[in-house]
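Coordinate inspection notes
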Amino acid sequence: MQGLMMNRPMRVNDILTFAAEVHGDSEVVSVTVEGGIHRTNYRAIDGRTRQLAKALLKLGVKEGDRVATLAWNGYRHFELYYGIAGIGAVCHTINPRLSAEQMIYIVNHAEDKAIFVDLTFIPILNALKEHLPADLIYVAMTDRAHMPETDLPNLLCYEELVEAEDADYDWPDFPEDTACALCYTSGTTGNPKGALYSHRSTVLHALMAGVSLQTSLSPGQRILPVVPLFHVNAWGLPYAAPLTGASLVFPGAALDGPSVFKLMQDEEVFSAWGVPTVWLGLLAEIKAQGGKPSAFGEVIIGGSAAPRSMIEAFEGMDVSVCHAWGMTEMSPIGTVGLLNKTQDKLPQDERLDLKAKQGRRVFGVDLKIVDEDGNRLPHDGEAQGELFVRGNAIVSGYYNNEEATKGALDAEGWFGTGDVAKIDSDGMLTITDRAKDLIKSGGEWISSIDVENMAMSHPEVANCAVIAVPHPKWDERPLLVVVPTPESSKDVAALQNHLSENLAKWQVPDEVVFVEDLPMTATGKVSKLTLRQRYADGTLAG
Ligand code: AMP
């Protein structure tokens, strides 16, 4: 028997309409690329988004068209999320840190109709324009006074487009599985693959995030998304924040430690979200300033494993750490590392051990780990296998890519994450590695994350990565690549002694190299692929 309830389609724009009515005064603050700070709120943004929608329709954008953005975190980028999706088109965020080759591939593969670009990235498009669709519409995300001199064909001005329209526009209805956003994720091989989010999956994900991360996602709370709008929808914040009435403080292009510190101090930011590398910079600045930004009470760390020492540093200054795991294909939140009341009362050392794990699943995400033959493994905290997920905001395939889609799901319809994990009996997930980053030495697995965690707790290690290098006897051995602190004595034996305190002897890297910095991927993670290539022959000549 069917229920007798209305079947209203879920639309992301209902989130902003709701925010405008219920949390209209909640602020959206942006560091602009033109210079200075811009302030607005959800009420004003809702109106401008409707103006933008009318402008897009006039440009000829239709339901299902892909409209690209190449921009930092700021209010115009936020408006585009809703203006584009609201008319049934697809907001395609592009990561400006991708290589030229990847960017050309992505814009052509998505067949973008228009591209909205921050002033900073106009030179990128200028260099690529011959390889982009000839009829692509270019719009600079600025006002008339700041329009640049450029060779880009028919460059339009964002503010002129918006200001030419009024806000008298009602969002149309369409089925809730209509696509609203597109984000490409780059694998280690092959071309980037597109995760195509729907209105339904995005609204559900915002609700999931809202109930899972209530400390920051609540009315008036001030959140700093350092995680970019160009990568997995800034972990869903552009939807979850207006839904819950939380304020957004967008950092623009200023992502170094001192700039982030100052913005957090000036704007009384409570909760900051981003990848571990960003927090290394902030922690250094907090040390230099002799204290944290005054309202700072929470940090959400994800994207790659948060070292235990980083968690300890934040918790030591009364900043609560939530270590979260997810991926582009999952919208992205999978697990969040909040402790329950009993766990939170444990001695600090045990609390930190738990916080270094990736946490428990959020509602709407099912987890399983399997062995090499696809058999399910127990959730006993011991068995380790590939992690598969299933849920309401997880991809069922990739945009216009049959080959990648074919391999994405297993026979039971679960998505293979490529991560290797253990799950405790109480549901705590520990990611031990990416499958391809695991080290197999003499037939035994070594988790690069475990070794990195130990190395990071050494006071003379500023950052590090562990990779497998070929070895004639053991097949593979771990190599520790270290960025030393300025005062480091670069004493390899001392470092190995430190590692031996918590690792088995055979897990301790026999070789350590010191480097000035680590190669990064476009999403701010250490590029182990680049490191492996550098040290591919097993010698340290690289
Ligand atoms: P992306 O799709 O670029 O967001 O990357 C997703 C991948 O990042 C996951 O499959 C993991 O390998 C890694 N990742 C994300 N969050 C974490 C975390 N908290 N700990 C360890 N790895 C993570």
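In case you missed it, the structure is sitting above this.
Let me sum up the structure you'll find in this document. (Residues numbered from 1 in each chain as written. Predicted model: local features only at pLDDT ≥ 70, side-chain atom pairs only at ≥ 80, totals over all residues. Heavy atoms only, no water.)

Quick notes on the nonpolar core
Of all hydrophobic cores here, the largest spans 113 residues; its most connected members are Phe 116, Leu 217, Trp 279 and Phe 314. In terms of residues, this core owes the most to one element, helix H3 (residues 75–86), which gives seven residues. Residues contacting Leu 217, with those up to four places away along its chain left out, are Ala 209, Gly 210, Ile 223, Leu 237, Ala 240, Ala 241, Thr 244, Ala 246 and Trp 273. Formed by 29 residues, the second largest nonpolar core is a distinct cluster that contains Tyr 138, Leu 155, Ala 179 and Leu 182. (Core = buried A, V, L, I, M, F, W, Y, C linked by side-chain atoms within 4.5 Å. Buried < 20%, exposed > 50% of the residue type's maximum accessible area, 1.4 Å probe, protein only. Helix = DSSP H or I, 4+ residues; strand = E, 2+ residues; numbered from the N terminus. Contact = heavy atoms within 4.5 Å.)

Focus on helix H1 (residues 12–22)
Buried residues of H1: Val 12, Asn 13, Ile 15, Leu 16, Thr 17, Ala 19 and Ala 20, and no others. Elements in contact with the buried residues of H1: helix H2 (42–58), H3, strand S8 (179–185), helix H7 (199–212) and helix H9 (237–244).

Considerations on the site of the ligand
Taken together, 14 residues sit near the ligand, with Ala 324, Thr 328, Asp 419, Arg 434 and Lys 525 positioned nearest. Within the contact set of the ligand, a nitrogen atom lies 2.7 Å away from a backbone nitrogen or oxygen of Ala 324. A distance of 2.7 Å separates an oxygen atom of the ligand from a polar side-chain atom of Lys 525. Residue contributions to the shell around the ligand peak at four residues, all from strand S14 (residues 320–326). Split into classes, the residues belonging to the shell around the ligand amount to four nonpolar, seven polar and three charged. (Near = heavy atom within 4 Å. Polar contact = N/O pair within 3.5 Å; in protein donor to acceptor, adjacent residues only side chain to side chain. Nonpolar A, V, L, I, M, F, W, Y, C, P; charged D, E, K, R; others polar.)

Considerations on the pattern of salt bridges
Taken as a whole, this structure holds 35 salt bridges when the rule is applied. Between Lys 58 and Glu 165 there is a salt bridge, and its shortest N-O distance comes to 2.9 Å. In this pair, Lys 58 sits in helix H2 while Glu 165 sits in the loop between helix H6 (158–163) and S8, placing the two residues 107 residues apart along the sequence. By relative accessible area, which is 65% here, Lys 58 ends up exposed. Put simply, Glu 34, Arg 48, Arg 76, Glu 79 and Glu 159 are held in one network by salt bridges that share partners. (Salt bridge = Lys/Arg side-chain N within 4 Å of Asp/Glu carboxyl O.)

Here's the deal with the packing of aromatic side chains
Considering all chains together, one arrives at 10 aromatic pairs under this definition. When the ring of Phe 116 is compared with that of Tyr 158, the centres are 6.1 Å apart and the planes differ by 85°; the resulting orientation is edge-to-face. Placement of the pair is Phe 116 in strand S5 (residues 114–117) and Tyr 158 in helix H6, with a sequence separation of 42 residues. Tyr 158 carries the same exposure label as Phe 116, and that label is buried. Between Trp 279 and Phe 314, the aromatic rings sit 6.5 Å apart at their centres with planes inclined by 85°, giving edge-to-face as the arrangement. Of this pair, Trp 279 sits in helix H11 (residues 276–289) while Phe 314 is found in helix H12 (residues 308–316), placing the two residues 35 residues apart along the sequence. Here Phe 314 falls in the buried class, since its relative accessible area comes to 0%. (Phe/Tyr/Trp six-rings, centres within 6.5 Å; stacked < 30°, edge-to-face > 60°.)

Examining H7
Compared with the 20 Å implied by 1.5 Å per residue over 14 residues, the 20 Å span of H7 between its first and last C-alpha is a close match. Within H7, 11 of the 14 residues are buried, leaving the element largely enclosed by the surrounding structure. Three or more residues of H7 are buried, namely His 199, Ser 201, Thr 202, Val 203, Leu 204, His 205, Ala 206, Met 208, Ala 209, Gly 210 and Ser 212. (Expected span 1.5 Å × (residues − 1).)

Digging into the packing of H11 against H12
Two numbers describe how H11 lies on H12: the axes approach to 11 Å, and their chain directions differ by 45°. One way to sum up the angle between H11 and H12 is to call them oblique. When the axes of H11 and H12 are compared, the crossing they make is left-handed. Taken together, the residues of H12 that come into contact with H11 (itself represented by Pro 276, Trp 279, Leu 280, Leu 282 and Leu 283) are Met 310, Ala 313 and Phe 314. (Axes fitted to C-alpha atoms, helices over the stretch in contact; angles between N-to-C directions. Parallel < 35°, antiparallel > 145°, perpendicular 65-115°, else oblique. Left-handed = near helix turned anticlockwise from the far one by under 90°.)

Spatial relationships are all this shows, so hold off on functional conclusions.
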